[in-house]
Amino acid sequence: EPEVTQTPSHQVTQMGQEVILRCVPISNHLYFYWYRQILGQKVEFLVSFYNNEISEKSEIFDDQFSVERPDGSNFTLKIRSTKLEDSAMYFCASTPTVGGVNPYEQYFGPGTRLTVT
Amino acid sequence: AQSVTQLDSHVSVSEGTPVLLRCNYSSSYSPSLFWYVQHPNKGLQLLLKYTSAATLVKGINGFEAEFKKSETSFHLTKPSAHMSDAAEYFCVVIFTSGTYKYIFGTGTRLKVLA
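Scoring rules and cut-offs
- Residues numbered from 1 in each chain as written.
- Chains lettered and ligands numbered in written order.
- Predicted model: local features only at pLDDT ≥ 70, side-chain atom pairs only at ≥ 80, totals over all residues.
- Heavy atoms only, no water.
- Core = buried A, V, L, I, M, F, W, Y, C linked by side-chain atoms within 4.5 Å.
- Buried < 20%, exposed > 50% of the residue type's maximum accessible area, 1.4 Å probe, protein only.
- Helix = DSSP H or I, 4+ residues; strand = E, 2+ residues; numbered from the N terminus.
- Contact = heavy atoms within 4.5 Å.
- pLDDT = per-residue confidence, 0-100.
- Disulfide = S-S within 2.5 Å.
- Pairing = 2+ DSSP bridges.
- Axes fitted to C-alpha atoms, helices over the stretch in contact; angles between N-to-C directions.

For the rest of this paragraph, the subject is the nonpolar core. Within the largest apolar cluster, 27 residues are counted, with the highest numbers of intra-cluster contacts made by B:Trp35, B:Leu48, B:Phe74, B:Leu76 and B:Tyr89. Looking at this core element by element, the count peaks at four residues for strand S10 (residues 87-94) of chain B.

In structure tokens form, the structure reads like this:
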């Protein structure tokens, strides 16, 4: 069964450093998402991406964050200058389509745990 | 605006007894609702989903949920808890405009006692 994959599973970085989190969505999916879960808190939406551009972003997704789909398979989240409060689990998700009477479920990757020291 | 509330942050049950995890939603539209489970250090796994078909939805591992529009609820139940059910459970409502992002509840940690 196809699945969303994410690398690395755990990333440790120093404050101020740039990190890139990688995701490979399911191959025929068209919509991609990043979510964040700070330890002990709920999962929060960061950004959605369709047709090579951001469709929607949350307040969390400030200028320090960017996303891109560099090669038609990978979907990356870059944090330009990490802060301590960026420490969280980051989940990538994809879905073949959106909307309609029966919106498709989002398929989640296993997550990347980012630790900023 | 859509939102979802999970009323219990922690639930403890004994193995073999019923499980009830509560979820209430707020939505201006007919909602689509999901339950996800997250085992320790694992990703999010879909348990079941409601998308305006049958109001009683059956999912994996013996879980089911009933959509009650009059009560704006979508509680998750299981007749008999198993030790392997110990995990964090998230109720999710889908934001039915724009990009259909997920709105997560705060989660309920289920503990199963031997």
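Here the narrative resumes.
As a further point, take the environment of B:Cys91. Residue and element names in this part refer to chain B. For Cys-91, the location among the structural elements is in strand S10. For Cys-91 and Ser-52, which are 39 residues apart along the polypeptide, the C-alpha to C-alpha distance reads 16 Å. Every residue in contact with Cys-91, bar those within four places of it in the chain, is listed here: Val-4, Gln-6, Cys-23, Phe-34, Trp-35, Phe-74, Ile-103, Phe-104 and Gly-105.

Residue-level pLDDT values for chain B average 90, and 96% of them are 70 or greater. When the elements of chain B are averaged for pLDDT, strand S6 (residues 44-50) of chain B gives the smallest value, 90, and strand S3 (residues 19-21) of chain B the largest, 98.

Further remarks concern the environment of B:Leu7. All names here are of chain B. Within the fold, Leu-7 resides in the loop between strand S1 (3-6) and strand S2 (10-14). Using a relative accessible area of 44% as the deciding quantity, one classes Leu-7 as partly exposed. A C-alpha to C-alpha distance of 8.2 Å links Leu-7 and Leu-21, two positions 14 residues apart in sequence.

The next point concerns the state of the cysteines. Residues and elements named next belong to chain A. Taken as a whole and assessed by the stated rule, the structure comprises two disulfides over all chains. Disulfide pairing places Cys-23 opposite Cys-92 at an S-S distance of 1.9 Å. Its S-S torsion of approximately -65° makes the covalent link between Cys-23 and Cys-92 left-handed. Here Cys-23 is found in strand S3 (residues 19-24), whereas its partner Cys-92 is found in strand S9 (residues 88-95), with 69 residues between them in sequence. Exposure remark for Cys-23: the relative accessible area of 0% places this residue in the buried category. For Cys-92, a relative accessible area of 0% translates into the label buried.

All names here are of chain A. Spatially, the four strands line up as an open sheet ordered S1-S3-S8-S7, and their pairing is antiparallel. The open sheet has two free edges, formed respectively by strand S1 (5-7) and strand S7 (65-68), since each of these has just one partner strand. Neighbouring strand axes in the sheet, compared pairwise and without regard to direction, differ in orientation by 20° on average. Taken together, the five bridges between S3 and strand S8 (residues 75-79) define a ladder with antiparallel strand orientation. The residue of S8 that forms the bridge with Cys-23 is Phe-75.

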